[in-house]
Each structure stands twice: as structure tokens, then as C-alpha cells.
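# Notes for the structure review
So you can see what is in the structure, the chains are spelled out below.
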Amino acid sequence: MARQSKSKVKQLKNLLIVDGDTEERYFKNILQRYNMSAKDVKRVAPSGGNAVTSALSEARSFEATMRKQYLNYYIIIDRDFLSRDEFERIRREANQMHNVELIFSNVAFEVWLLAHYQRMTARPVDADVDNARYRRELSNCLNEPYKKGNSVQLDRIISSAEHPIDTAFNNTSAIQELNYDNQCTNVGPFLRQLVANR
């Protein structure tokens, strides 16, 4: 078998760019669980309204360092404390690029995690109130205090249903359209597509 040239860049399908520890650990678990090769997860610092340009800049540096090149970039963020103007700028920038997709949860990624257990509905959100609510409800589901980025808890959440992506997808069917004011997440359609194209 011939050796791969040291100068050759490895071509991969997808780079998932996340700005949080919970998201990084969750998606790495999902990629491993579903044997999805040719996909990587890269964590970057939160960058507010510059999420797209900052994420792509980090991705280019990562590609150069790792000698890899990706066809598609998925920028996975949540609202946290983004202003409406920052949210709209992020959406606009992502929509202008053919190989960039915005994966967004409002108000936090935990809306997707909670959907592994219950149906989520469209309703107005408040960052402080809803973050506390998600932590409280996940703690009740886990029978212990929920901790962001806890790999053991994330594995339990993923393992809570026989078909975790389908269960959470169905439980978020009413909130998959991105919306600044209301609870939403499009993680479900993204993961279904990723699994189908593995």
C-alpha cells in the first residue's frame, strides 16, 4: 500500500464549528455513536455578531494546521445574549455562503437536550429565566443537578431514547424555524441530514 504524501491535504465533508463545551461534547458523542467519519468538531470562542466570520477564520487556521479541507461548515450557536441586530447579521452572512449553514438554538442548546425527554413549544424566551428553567428541567430528568458540558450526563441524555435524534426531532417539530423572539432549534433537521448522508 502506498504512503500518503505529506503535502497532500485530506478532503473531508463537514466541519461542525461550536462555541460551547456542551455542544462540542454532545456532537463528538453523536458522531462517534453514529460512526460518522469525514466530519470533525471544532470549538471556537463565542464571538457574538461576528460568529460567521470568526468561525470561518478559525476553520481556515484549523484546516491549515491539520492539513485538512472541508466541503461544508456548520456554525452551531445559541442565542445567549445576542442582540437582534447581531442575530440578523449572522443569518444574513450564513445565507450568503453556499457551503455554510447556521444551526441555532434559542435561547440555549439545552432546548435541544430537553427535547430528548419532552415536546418543546414555540413561546417567547427570556435568556435568564429560560436558562434556569432548562437546567431545572434537565436536572429533574436526570435525577441529579444538570451540569453544562458533563460528558456522562450528555451520554445519559442521548441514551434516554431508543432513537434519540428522531425523538428529539419529533419533540422540536413545532420550533424548527429560526426565530429571535421564540424558543427554537434546528438541530434536529441538521442531525437527520448528517446521519442520512454519512
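For every chain, the first residue of its written sequence is number 1, and the numbers climb from 1 along that sequence. Local features are withheld for residues below a pLDDT of 70 in this predicted model, meaning they are given only at 70 or higher, and side-chain atom pairs are given and counted only at 80 or more; totals for whole chains, interfaces and linings count all residues. Only hydrogens and water are set aside; all other atoms, that is, all heavy atoms of the structure, feed into the side-chain values.

## Concerning the overall build of the chain
Only DSSP runs of H or I reaching four residues or more are called helices, and only runs of E reaching two or more are called strands; each is numbered from the N terminus. When its secondary structure is counted, the chain shows 8 helices and 5 strands. Ordering the α and β elements of the chain from the N terminus gives β-α-β-α-β-α-β-α-α-α-α-β-α. Compactness check: the chain gives a C-alpha radius of gyration of 17 Å against a globular reference of 16 Å for 198 residues, within 12% of the reference. Burial status follows relative accessibility: with a 1.4 Å probe on protein chains alone, a residue under 20% of its type maximum counts as buried, one over 50% as exposed, and anything between as partly exposed. Within the chain, the proportion of its 198 residues that are buried is 51%. Of the contacts made within the chain by residues no fewer than 6 positions apart, 76% connect residues no fewer than 24 positions apart. Accessible surface area values rest on a Shrake-Rupley calculation with a 1.4 Å probe, where residue burial reflects the displayed protein chains alone. Here the chain has roughly 10100 Å² of accessible surface; of this, 46% comes from carbon and sulfur atoms. The charge count treats Lys and Arg as positive and Asp and Glu as negative. His and the chain ends do not count. The atom standing in for a charge is NZ when the residue is Lys, CZ when it is Arg, CG when it is Asp and CD when it is Glu. Measuring between centres, the 29 positive side-chain charges of the chain sit 8 Å from its 25 negative side-chain charges. Computation of the radius of gyration draws on C-alpha atoms, with the globule rule given as 2.2 Å multiplied by the number of residues to the power 0.38. Residue contacts follow a heavy-atom distance rule, with two residues in contact if any of their heavy atoms lie within 4.5 Å.

## Re the packing of aromatic side chains
Here the aromatic set is Phe, Tyr and Trp, taking the six-membered ring for Trp, and pairing holds for ring centres within 6.5 Å; pairs whose planes are under 30 degrees apart are stacked, those over 60 apart are edge-to-face, and all others are tilted. Taken as a whole and assessed by the stated rule, the structure comprises 9 aromatic pairs. Both rings, one in tyrosine 26 and one in phenylalanine 27, keep their centres 5.3 Å apart while their planes meet at 90 degrees; by these two values the pair is edge-to-face. Exposure class is identical for tyrosine 26 and phenylalanine 27. Each is buried. Through successive ring pairs, a cluster of aromatic residues spans Tyr26, Phe27, Tyr74, Phe109 and Phe190.

## Considering the pattern of salt bridges
Put simply, a salt bridge is a Lys or Arg side-chain nitrogen that is within 4 Å of an Asp or Glu carboxyl oxygen. All told, the structure shown has 13 salt bridges when counted by the stated rule. As a salt-bridge pair, aspartate 181 and arginine 84 come within 2.6 Å of each other at their nearest N and O atoms. Of this pair, aspartate 181 sits in the loop between helix 7 (164–171) and strand 5 (184–185) while arginine 84 sits in helix 3 (residues 84–95); the two residues are 97 residues apart in sequence, bridging distant segments of the chain. Since its relative accessible area comes to 40%, arginine 84 is described here as partly exposed. Across the salt bridge formed by lysine 148 and glutamate 110, the nearest N and O atoms sit 2.8 Å from each other. Here lysine 148 is found in the loop between helix 5 (127–142) and helix 6 (151–158), whereas its partner glutamate 110 is found in helix 4 (residues 110–114), with 38 residues between them in sequence. Since its relative accessible area comes to 2%, glutamate 110 is described here as buried. Each of Arg123, Asp130, Arg133 and Glu137 takes part in a single network of salt bridges with overlapping partners.

## Some words on unusual backbone geometry
For residues other than glycine, phi is negative in most cases, and the peptide bonds are mostly trans. Valine 107 follows asparagine 106 through a cis peptide bond whose omega is 20 degrees. Looking at the element boundaries, valine 107 is found in the loop between strand 4 (100–106) and helix 4. Even without being a glycine, arginine 67 presents a positive backbone phi close to 60 degrees. By relative accessible area, which is 34% here, arginine 67 ends up partly exposed. Phi at asparagine 143 takes a positive value of approximately 60 degrees, unusual for a residue other than glycine. Looking at the element boundaries, asparagine 143 is found in the loop between helix 5 and helix 6.

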